[in-house]
Amino acid sequence: MATLQEEISRRRTFAIISHPDAGKTTLTEKFLLYGGAIAQAGEVKGKRERAAKSDWMEIEKQRGISVTSSVMQFQHGGYCINILDTPGHQDFSEDTYRTLMAADSAVMVIDGAKGVEPQTRKLFKVCALRNIPIFTFINKMDRETRDPLELCEEVERELGIDTYPVNWPIGCGKEFAGVYDRDKRCILHFTDAGHAKKAGITEIELDDPALVDLIGQARRDTLADEVELLGAGREFDLEEVRAGRLSPVFFGSALTNFGVEPFLEEFLRMTPSPLPREADCGVIDTFSPDFSAFVFKIQANMNKAHRDRLAFMRICSGQFQRDAEYYHVQTGKKMRLSQPQQLMASEREIVDEAYAGDIIGVFDPGIFSIGDTITVPGKKFKFGGIPTFAPEHFARVSAKDSMKRKQFLKGTEQIAQEGAIQIFKVPNSGMEEVIVGVVGTLQFDVFQYRMKAEYGVDLRMQQLPYEQLRFITKAPVADLKDLYLSTDAELLEDYRGRSLLVFASQWSINFILKRNPGLELAETAQ
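Residues numbered from 1 in each chain as written. Predicted model: local features only at pLDDT ≥ 70, side-chain atom pairs only at ≥ 80, totals over all residues. Heavy atoms only, no water.

## Topic: the overall build of the chain
Put simply, the rule is: Starting at the N terminus, helices and strands are each numbered in turn, a helix being any DSSP run of H or I of at least four residues and a strand any DSSP run of E of at least two. The buried label applies to any residue whose accessible area, calculated with a 1.4 Å probe on protein chains only, is under 20% of its type's maximum; exposed applies above 50%, and partly exposed to all values in between. Whether two residues touch is decided by their heavy atoms; if any such pair falls within 4.5 Å, the residues are in contact. Residue exposure ignores everything except the shown protein chains as possible cover, and the areas themselves are Shrake-Rupley values with a 1.4 Å probe.
Of regular secondary structure, the chain possesses 13 helices and 31 strands. When burial is assessed residue by residue, the chain has 55% of its 526 residues classed as buried. A fraction of 69% describes how many contacts in the chain between residues 6 or more apart in sequence connect residues 24 or more apart. When the accessible area of the chain is evaluated, it comes to approximately 22,600 Å², of which 47% is carbon and sulfur surface.

What follows is the structure, given as structure tokens:
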């Protein structure tokens, strides 16, 4: 039997981030393929047998995008790997942010033809806030790409992180013949046409005369010059990688499998085992025998056969055991976590035990919120909260069919508890009509789609002009309805009964503060 320390030490929990269409979901699938978790990769939006394993919601399969974060676990080379696949689309950056809170490192996928894109920058900033190690995979080398050196320089310039190419590509597009491994000082020449389950590799030294026969004299000479140039650059430093200041760079093609396996092997070697977490009582040691975890995601209706809600927890310390009693810090109640599951997107299996670093989903009867802490009885600390993003788009929403009021209420509340939308209402009104706030407009489409598919409710939606939200912390009047408001602002309250104002512009905020002396506003709720 492996000890607690050994089990935790072999865990690797990481998120995959990228701009849409850089190949993130394809790379995730290839990892699963190497780990034996799936038998065949299905290209997203492709004509093969099925949609991506990590895309479970029907709308994801239709559009070929990831709109929720998926969790997948598999074994490879003695490691137990937990992958968190994140939405690439910027409208779902809040879900990605929460997911990154549960990861110990991140893999940043960059399209070799496009380089650093807007969403890459945004997600990178989130990683930088947590100082987690970031590994860069420059993808799509099977297509025409930009100069590799230029790409590395762009990552350094745009994202403010040093880079160290662990391998170097030989050609691109149809000419992509392999990579030079700087550590082993040899060439990994890809010998088959791609799409095989694993890329065929021939290892050959740079000064081996047979190399000319494989890649030609001109490419061999170019490679020798580039390798010499790289040697004049900075040294590799694992401590700098683990501090999030140096990003190891790998080149490859997820679609054809070229360079994926060498990347996975090196990545698992360099990335850290589960990291200690900050709580209100200090740092919680990962290897402590006492179980602790926090909720980073809530998802309803993942499986049409099970109309249920799952709370996803990142285990931060110790060992989870299925029948043990645990303590929910926020409610102050002892509980057994029912139906603990590990997931491959929407496919589940019940687990009897799990360790620090693992992600488990537990049945949620409606008691958990994002950021909640679960510990063993007797321990009452809380992990740091997960901030919510202020919505930037608003719509007035009601059910087209007034007979479906009950389903409308249930659906909007459940989807809001997941953190996918935020709901508000006009004070002293019912919930037949609500104001929905989102970070990105695509979330409206997903909300509308899910209400119809999961709750059978067609929605009436009216877009509103508001772009800013402020909570009222101090008011100069007893009744907030007596505040002097402009026509492009509205008084609302959130589901916790907190009063707030929404505005169409910054000018509107300044105008209302001027007309209501003594009014105090805050960007976040206390």
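What follows picks up the thread again.
## Description of the nonpolar core
Rules: Residues grouped as a nonpolar core are buried Ala, Val, Leu, Ile, Met, Phe, Trp, Tyr and Cys residues, joined through side-chain atoms within 4.5 Å.
One finds L84, L100, M108, I187, L223, F251 and F296 to be the most contacted residues of the largest nonpolar core, which totals 58 residues. Contacts of L223, omitting those with residues within four sequence positions, involve W168, I170, Y180, I187 and L206. Counting residues in each nonpolar core, the second largest holds 27 residues, with Y34, F250, F263 and F267 among its members.

## Considering unusual backbone geometry
With a phi close to 55°, R185 is a non-glycine residue in the positive phi region. Along the chain, R185 turns up in the loop between strand 8 (178-181) and strand 9 (186-190). The exposure class assigned to R185 is exposed, which follows from its relative accessible area of 59%. Phi at N257 is positive, roughly 75°, even though this residue is not glycine. Structurally, N257 can be placed in the loop between strand 11 (246-251) and helix 10 (260-270).

## Focus: the sheet that holds strand 8
Which entries qualify depends on this criterion: At least two DSSP bridges between two strands are needed for those strands to be called paired. Inter-axis angles, ranging from 0 to 180 degrees, are taken between N-to-C directions of lines fitted to C-alpha atoms, where helices are fitted over the stretch in contact.
Ordered by their spatial adjacency, four strands build an open sheet running 7-8-9-10, and the pairing between neighbours is antiparallel. Every other strand in the sheet has two partners, leaving strand 7 (167-170) and strand 10 (201-205) as the edge strands with one partner each. Strand-to-strand twist across the sheet, computed as the mean angle between neighbouring axes with direction ignored, equals 25°. By the bridge criterion, five bridges tie strand 9 to strand 10 in an arrangement that is antiparallel. Bridge pairing in strand 10 places I187 opposite I204.

## Comments concerning the side chain of S317
So the rule is basically this: N or O atoms within 3.5 Å of each other form a polar contact, as long as, within protein, one can give a hydrogen and the other can take it, and as long as residues adjacent in sequence are counted only when both atoms are side-chain atoms.
Structurally, the position occupied by S317 is in strand 15 (residues 309-317). Owing to a relative accessible area of 1%, S317 belongs among the buried residues under this scheme. Here the side chain of S317 touches D290 through a polar contact of 2.7 Å, landing on its backbone oxygen. Residues contacting S317, with those up to four places away along its chain left out, are I284, D285, T286, S288, D290, F291, S292 and A356.

## Concerning the packing of aromatic side chains
Think of a pair of aromatic rings as described by two things: how far the centres are apart, and how the planes are tilted against each other in angle. Filter applied, for reference: Put simply, two rings from Phe, Tyr or Trp (the six-membered ring, in Trp's case) pair if the centres are within 6.5 Å, and we call them stacked under 30 degrees between planes, edge-to-face over 60, tilted for the rest. Over a ring means this: the NZ of a Lys or the CZ of an Arg is within 6 Å of the ring centre and within 35 degrees of the ring normal.
Taken as a whole and judged by the stated rule, the model has 19 aromatic pairs. Here F263 and F267 contribute two aromatic rings whose centre-to-centre distance is 5.8 Å and whose plane-to-plane angle is 35°, an arrangement assigned as tilted. Placement of the pair is F263 and F267 together in helix 10, with a separation of four residues, close to one helical turn. This pair shows no difference in class: F263 is buried, exactly as F267 is. Taken together, a centroid distance of 6.4 Å and an interplanar angle of 75° make the contact between F394 and Y466 edge-to-face. Residue F394 is found in strand 24 (residues 393-399), and its partner Y466 is found in the loop between strand 27 (459-464) and strand 28 (468-474); the two are separated by 72 residues along the sequence. Of the two residues examined, F394 and Y466, each falls in the buried class. Cation over ring: R515 sits above Y484, and NZ or CZ is 4.1 Å from the ring centre.

## Some remarks on the pairing of strand 28
In terms of strand pairing, strand 28 meets strand 30 (residues 499-503) through four bridges, oriented antiparallel. Each bridged residue has a counterpart across the sheet, and for F471 the counterpart in strand 30 is L500. Bridging between strand 28 and strand 31 (residues 520-522) involves three bridges; their strand directions are antiparallel. Residue pairing for strand 31: I472 is matched across the bridge by L521.

## Describing the sheet that holds strand 25 (residues 422-425)
If you trace the eight strands from one edge of the open sheet to the other, you get 27-24-26-25-29-30-28-31, paired in antiparallel fashion. Edge positions in the sheet fall to strand 27 and strand 31, since each of these pairs with one other strand and no more. The average angle at which neighbouring strand axes cross in this sheet is 40°, direction not considered. Running at roughly 20° to strand 28, helix 13 (residues 506-515) makes contact with strand 28, strand 29 (489-494), strand 30 and strand 31 of the sheet.

## Quick look at helix 5 (residues 118-130)
Where we set the bar: What the arc describes is the spread of directions from the helix axis to the C-beta atoms.
Restricting attention to buried positions, one finds in helix 5 the residues Q119, T120, L123, F124, V126 and C127. All buried residues of helix 5 project into a common sector of 155° when viewed along the axis, lining one side. Looking at helix 5, the residues exposed on the side facing more than 90 degrees away from the buried face are P118, K125 and L129.

## A look at the confidence of the model for the chain
Spelled out, the test is: Confidence scores labelled pLDDT are given residue by residue by the predictor and lie between 0 and 100.
In the predicted model, the chain carries a mean pLDDT of 83, and the fraction of residues at 70 or more is 86%. Ranking the elements of the chain by mean pLDDT puts helix 3 (residues 58-63) last with 48 and strand 11 first with 96. Across residues 59-69 the pLDDT falls below 50, and counting only partners more than four positions away or on other chains, this stretch makes 45 contacts in the model.

## Remarks on the pattern of salt bridges
Selection criterion: The term salt bridge refers to a pairing of a side-chain nitrogen on Lys or Arg with a carboxyl oxygen on Asp or Glu at a separation within 4 Å.
Under the criterion given, the structure shown has 23 salt bridges. The residue D104 makes a salt bridge to R314 at a minimum N-O spacing of 3.1 Å. Here the residue D104 occupies a position in the loop between helix 4 (93-101) and strand 4 (105-111), and R314 occupies one in strand 15, the gap between them amounting to 210 residues. The burial state of D104 is the same as that of R314; both residues are buried.

## A closer look at the packing of helix 2 (residues 24-34) against helix 10
Applicable threshold: Here roughly perpendicular refers to angles of 65 to 115 degrees, roughly parallel to angles under 35, roughly antiparallel to angles over 145, and oblique to all remaining angles. Three classes are used: nonpolar for Ala, Val, Leu, Ile, Met, Phe, Trp, Tyr, Cys and Pro, charged for Asp, Glu, Lys and Arg, and polar for all others, with Gly counted as polar.
Contact geometry for helix 2 and helix 10: axes closest at 10 Å, N-to-C directions at 80°. Our classification of the angle between helix 2 and helix 10 gives roughly perpendicular. Mapping the contact onto sequence places L27, K30, F31 and Y34 in helix 2 and V260, E261, F263 and L264 in helix 10. Residue classes in the contact of helix 2 with helix 10 are distributed as six nonpolar, no polar and two charged.

## Structural notes on the packing of helix 11 (residues 405-417) against helix 12 (residues 442-455)
Condition: Definitions for this section: a left-handed crossing has its near helix turned counterclockwise from the far helix by less than a right angle. A right-handed crossing has that turn clockwise.
Viewed as axis vectors pointing N to C, helix 11 and helix 12 meet at an angle of 125°, and their least axial separation amounts to 10 Å. Taken together, the axes of helix 11 and helix 12 are oblique relative to one another. In this structure, the crossing between helix 11 and helix 12 has a hand that is right-handed. The segment helix 11 lies against helix 12, with Q407, F408, K410, G411, T412, Q414 and I415 engaging F447, R450, M451 and Y455. Split by residue class, the contact of helix 11 with helix 12 holds five nonpolar, four polar and two charged.

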